[in-house]
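# Chain and residue survey
Read off the chains here:
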Amino acid sequence: MTAIKHALQRDIFTPNDERLLGIVNVCKAGKKKKNCFLCATVTTERPVQVKVVKVKKSDKGDFYKRQQTWELRDLTEVDAKDASKENPEFDLHFEKVYRWLASSTAEKNSFISCIWKLNQRYLRKKVEFVNVSSQLLEELPKAEESVPSGESQSVAGGDEDALDDYQELSTREEQDIESMMEMCEYAISNAEAFAEQLSRELQVLDGANIQSIMASEKQVNILMQLLDEALGEVDTIEGKLSSYEEMLQSVKEQMDQISQSNRLIQISNTNNGKLLDEIQFLVNYMDLSKGHIRALQEGDLTSPKGIEACINASEALLQCMNVALRPGHEKLMAVTQQQLLFAELRDTFARRLTNHLNNVFVHQFNHFSHFKMTIPQFYRSSCLSLPGHDQSSTLSQHTAELTLPKHNPLHRDLLRYAKLMEWLKNTHREKYEGLSRTYVDYMSRLYEREIKDFFEVAKIKMAGTTKEAKGKFGLHGSSGKLTGSTSSLNKLTVQGSNSRRSQSSSLLDMGNMSASDLDVADRTKFDKIFEQVLSELEPLCLAEQDFISKFFKLQQHPAVIPPLAQPETEEFDGGAPSRIPPQAEHRHSLSSEKDMVRHMMNKIFQSIETELNSLIALGDKIDSFNSLYMLVKMSHHVWTAENVDPASYLSTTLGNVLVTVKRNFDKCISGQIRQMEEVKISKKSKVGILPFVTNFEEFAELAETIFRNAERRGDLDKAYVKLIRAVFMNVEKVASESQKTPRDVVMMENFHHIFSTLSRLKISCLDAERREAKHKYTEHLQSYVINSLGQPLEKLNHFFEGVEARVAQGVREEEVSYQLAFNKQELRKVIKEYPGKEVKKGLDNLYKKVDKHLCEEESLLQVVWHSMQDEFIRQYKHFEDLIGRCYPGSGITMEFTIQDMLEYFSSIAQSH
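Here goes a summary of the coordinates provided. (Residues numbered from 1 in each chain as written. Predicted model: local features only at pLDDT ≥ 70, side-chain atom pairs only at ≥ 80, totals over all residues. Heavy atoms only, no water.)

## Focus: the overall build of the chain
Note the following rule: The helix and strand labels rest on DSSP assignments: H or I over at least four residues marks a helix, E over at least two residues marks a strand, and numbering proceeds from the N terminus. Partly exposed describes any residue whose relative accessible area lies between the buried limit of under 20% and the exposed limit of over 50%, with all areas from a 1.4 Å probe on protein chains only and scaled to the type maximum. By definition, residues are in contact when any of their heavy atoms lie within 4.5 Å. Under the convention used here, a 1.4 Å probe and the Shrake-Rupley method define accessible areas, while residue burial counts only the protein chains that appear.
Broken down by element type, the chain carries 30 helices and eight strands. By the burial criterion, 41% of the 912 residues in the chain qualify as buried. Intrachain contacts of the chain at a sequence separation of at least 6 include 71% that bridge at least 24 residues. Carbon and sulfur atoms make up 51% of the accessible area of the chain, which totals about 51300 Å².

Written as structure tokens, this is what we have:
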């Protein structure tokens, strides 16, 4: 290591005027890399700079190069990892942490000790040493620490002592030495003689210095005599100064008295100025004008000018009451009296304002209630008018036209008092809460009456104004409840094709009304009525919620205590509020006030949700398909309300009602599926198109019309999938149970109808089912054709089936004719049984049988007949091929040709 140290000093640091004081052989901890050296150096020039240098041996040659340099002042911490155990790892904290692994613990300790000594000398203990043994960190002697850094202060041990002892010669000293050596001829050849000569000359100079000092003794005595004379003069001057001080002592006492008087006058003026400031502050901020006092005590709360005066006076009073008094003000009698006056004015005006607003609430309630409409039978009262009142829109007119009364005049009148309500909220919480409860109480009764009458008219309009509608639904009195009997679900019975249409619509019944009473006009009428109901409720609720927010000043300013929540905390009386972070308090206030608005709206419109559910139940009872209209309309209004305010009362209420509508929609779908499962078919007539297949078509047509561009399209798609799977399953079930009509015919006709319906309506979510219906229709058409064609040429079919069976058993085709049961004579005998006339007769009977199996609605007879023609020709060619292969050279042919068959099929089709 010594050789490396000298090499580094020579090659790296001496050219840069640096001295190497400490070195350690290290590698990076946790990484397998080549070793390097960490060197602690100082510069030879002042000011001294201390550095830590990383030196690495070059890969291309046997020399070292400087890789990285850090200033020691940038070192913040040295971590030796463990102070009690030997551990070669240590960390140096510069701009980041450098982790090192020394080649030995001794080298690490020596390097850390060197860093500590340099830190003590140059950085004044700036670096922090962690997990380092106390033996390495020895304190320097106090005497050395007291020496200034610019003098010969030394670091204990090593090369640092040599650095402090060594002092470089100045230029002048070098010149003097050179001149002396030039004067002596043997200065270089005989250094000892030169040193003796210099020693002798030094002794001569010392003797001359001593003689010079002794020769100056006389001058020293003269100087001492002059000093004695000077001391005498000083004593004389001090005596004079003492006499002057005694003379000025009396003047000083007088000046002190004058200064004290001036200081007292200045303090008095300062106190008077401060007193004047306090008085002006109290007069400016705690004085209420007589006009404001008069407005608070007897101001007119009915006229606009009076209300404006009261608003200004209440704001001025609030400012006076909320003024931040300075320490000691509360002890002043005038301040106490003024505060009592303010409290009395506050209570008096709060009582006047509360009484007046209560009277306004009662007056407005009585005004609207005076025109309350009691629904007579079928709008008899729509023509009534109250004597002495010429209002443009009475409640009777509103209900006859299915509109709700507008409360804009009431809101407009009350909003004049909004600022006064805000003042009452900030000053007298009890009365504010009482007013809010009173308003909610009166308005809830008013709205309950109006909404109840409004929904009664809506129910009557839905049920119709005829006696038949009244008899069916039994709408009696003002309750508007349906009291008519509810019949059970009738099971479908398949009769003839002529009566199938009337029976298929029983799916629409769902309880009370027959489908004949339900047409497009009725459903359109219901849709318009339901839309009108929602369109009337929406602006009513939004206007009332907006009024409550503005009038009661909710969501406008932070308010922690809601009016109707019956808080347990004390009312505000000037005390210090609890310490809550401003942002958290603001969020809590907004949340509480939103809850308060929702609570008030729930109380005012507590009957809306019930009435809506009752109206929905009526619509569902009239026609279960009305749930489709209601689902679309309700979803649209919920979506609109959520866009305006997701947390509003209207959005929440309509969302709750939407759940009921969705439940009725699901019930409608389940009812249709249940009726499909309960279908019974007649054993005496052909099946044809099943009722629930036709009903699905009607449902899909209606639903596509209703749900066009609707927000809840996903619900309809799910219902489609449920219904179509139920249709498929029950078609197969009915086809399996059919006795009169073949299974293939039932499957073919119904799946053809389903395929036609889905292709026409283009319902994207049912594309897979449409392809499946087409596949089933094609499959069962082919099956029916093959099974039916076995009957006209039954013996011929059996014969060739036997031939194919022999070939399949291994008999060679040309040897089949030698089989006893399948020889040429048997083949001729079978062929003779089917001459052209017989074949035509058989095909004619087959056509009649197919005609009996198929229904008229689907018009599949010609399709099936054409398919039979193709299959018959295929069988004919197959028979001829078998004859040619199994009976070669026999000359046996069929009694008729393909052209004959085409004429047979064509003539039979035309004749029927």
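After that view, the rundown keeps rolling.
## Some details on helix α26 (residues 794-808)
Inclusion rule: Under the convention used throughout, the expected extent of a helix is 1.5 Å for every residue step, that is, one less than its residue count.
A rise of 1.5 Å per residue sets the reference length of α26, with its 15 residues, at 21 Å; its end C-alpha atoms lie 21 Å apart and thus fit the reference within 8%. Inspection of α26 places L796, N797, F799, F800, G802 and V803 among the buried residues, and these make up the whole buried set. Looking one or two residues past α26, G810 carries a phi angle of roughly 115°, positive in sign.

## Concerning the pattern of salt bridges
Definition in use: For salt bridges, the criterion is a side-chain nitrogen of Lys or Arg within 4 Å of an Asp or Glu carboxyl oxygen.
This model, assessed by the stated rule, comprises 29 salt bridges. Notably, a salt bridge pairs E772 with R725, separated by 2.9 Å at the nearest N-O pair. On the criterion of sequence distance, the pair formed by E772 in helix α25 (residues 767-789) and R725 in helix α23 (residues 713-737) is long-range, its members being 47 residues apart. In this structure E772 comes out as partly exposed when scored by relative accessible area, which is 24%. Residue classification places R725 among the partly exposed residues on the basis of a relative accessible area of 36%. One continuous salt-bridge network, built from bridges that share partners, spans E18, K51 and R66.

## Description of the packing of aromatic side chains
The criterion, for reference: Here is the rule: rings of Phe, Tyr and Trp (six-membered ring for Trp) pair when centre to centre is within 6.5 Å. Planes less than 30 degrees apart are stacked, more than 60 are edge-to-face, and the remainder are tilted.
Counted according to the given criterion, the structure contains 26 aromatic pairs. Between Y439 and F547, the aromatic rings sit 5.6 Å apart at their centres with planes inclined by 45°, giving tilted as the arrangement. Note that Y439 is positioned in helix α14 (residues 429-463) and F547 in helix α17 (residues 520-551), a separation of 108 residues in sequence. As far as the burial class goes, Y439 and F547 line up, both buried. Aromatic ring contacts, followed pair by pair, group F361, Y432, Y439, F547, F551 and F552 into a single cluster.

## Some points on the sheet that holds strand β5 (residues 77-79)
Quick note on the threshold: Strand pairing requires that DSSP identify at least two bridges connecting the strands. Axes here refer to lines fitted to C-alpha atoms; in helices the fit is confined to the stretch in contact. Angles between the N-to-C directions go from 0 to 180 degrees.
With mixed pairing, the eight strands of this open sheet are ordered in space as β4-β3-β2-β1-β7-β6-β5-β8. Every interior strand has two partners, whereas the edge strands, β4 (64-71) and β8 (128-130), have only one. Strand-to-strand, the axes of this sheet are offset by a mean angle of 30°, without reference to chain direction. Where strand β1 (residues 18-28) and strand β7 (residues 97-102) come together, three bridges link them in antiparallel fashion. Residue pairing for β7: V26 is matched across the bridge by A102. The strands touched by helix α1 (residues 2-13) are β1, β2 (36-43), β3 (50-57) and β4; relative to β1, the strand with the most contacts, the crossing angle is about 115°.

## Description of unusual backbone geometry
Where the residue is not glycine, phi is negative for most of them; where a peptide bond is considered, it is trans in most cases. With phi around 60°, N131 is a residue other than glycine that occupies positive phi space. Relative to the helices and strands, N131 is located in the loop between β8 and α3 (142-146). Even without a glycine there, the phi angle at K762 is positive, about 55°. By the secondary structure assignment, K762 is in the loop between α24 (743-761) and α25.

## Quick notes on the pairing of β1
Counted residue by residue, β1 has nine buried out of eleven residues, so it is predominantly covered. As paired strands, β1 and β2 are joined by eight bridges and run antiparallel to one another. The residue bridging L20 from the neighbouring strand is T41, located in β2.

## A few points about the pairing of β3
Burial of β3 is extensive: six of the eight residues sit out of reach of the surface. Note: β2 against β3, six bridges, orientation antiparallel. Within the sheet, the bridge partner assigned to T41 lies in β3 and is K51. Taking the residues that link successive antiparallel strands as the turn, the β2-β3 hairpin has six residues. Bridge analysis of β3 against β4 gives seven bridges, and the strand direction is antiparallel. Looking at β4, one finds that V52 is bridged to W70. The loop that links β3 with its antiparallel partner β4 comprises six residues.

## Structural notes on the packing of helix α20 (residues 626-644) against helix α22 (residues 691-706)
How two helices pack is summed up by the angle between their axes together with the distance between the axes. Under the convention used in this document: When an angle is under 35 degrees it counts as roughly parallel; over 145 it counts as roughly antiparallel; between 65 and 115 it counts as roughly perpendicular; any other value is oblique. Handedness of a crossing follows from how the near helix is turned relative to the far one, being left-handed for an anticlockwise turn of less than a right angle and right-handed for a clockwise one. Side-chain classes follow a simple rule in which Ala, Val, Leu, Ile, Met, Phe, Trp, Tyr, Cys and Pro form the nonpolar group, Asp, Glu, Lys and Arg form the charged group, and the remainder, Gly included, forms the polar group.
At their nearest, the axes of α20 and α22 sit 10 Å apart, and the two run at 20° to each other. Accordingly, the angle class assigned to the pair α20 and α22 is roughly parallel. The handedness of the crossing between α20 and α22 comes out as right-handed. Here L628, Y629 and V632 of α20 lie close against α22, whose contacting residues are F699, L702, A703 and I706. Looking at the contact of α20 with α22, its residues break down into seven nonpolar, no polar and no charged.

## Looking at the side chain of E18
Secondary-structure assignment places E18 in strand β1. Using a relative accessible area of 4% as the deciding quantity, one classes E18 as buried. Non-local contacts of E18, meaning those with residues more than four positions away in its chain, are made with Q9, F13, T41, V42, T43, T44, K51 and R66.

## A closer look at the environment of V693
When you line up the elements, V693 lands in helix α22. The exposure class assigned to V693 is buried, which follows from its relative accessible area of 2%. The sequence separation of V693 and F751 amounts to 58 residues, and the corresponding C-alpha distance is 8.9 Å. Discounting residues that sit within four places of it in the chain, V693 has contacts with V727, V731, N750, H753 and I754.

## Notes on a negative patch on the surface
Here is the rule we go by: Patch members must show over 30% relative accessible area and no salt bridge, and they are joined within 9 Å when carrying like charges or within 5 Å when they are nonpolar side chains of Val, Leu, Ile, Met, Phe, Trp or Tyr. In summary, the charge assignment counts Lys and Arg as positive and Asp and Glu as negative, without counting His or the chain termini. For the purpose of locating charges, the reference atoms are NZ of Lys, CZ of Arg, CG of Asp and CD of Glu.
Taken together, the side chains of E173, E174, D176, E178 and E182 make up a negatively charged region of the molecular surface. Summarising the element assignment, E173 is placed in helix α5 (residues 171-183).

Geometry only, nothing functional implied.
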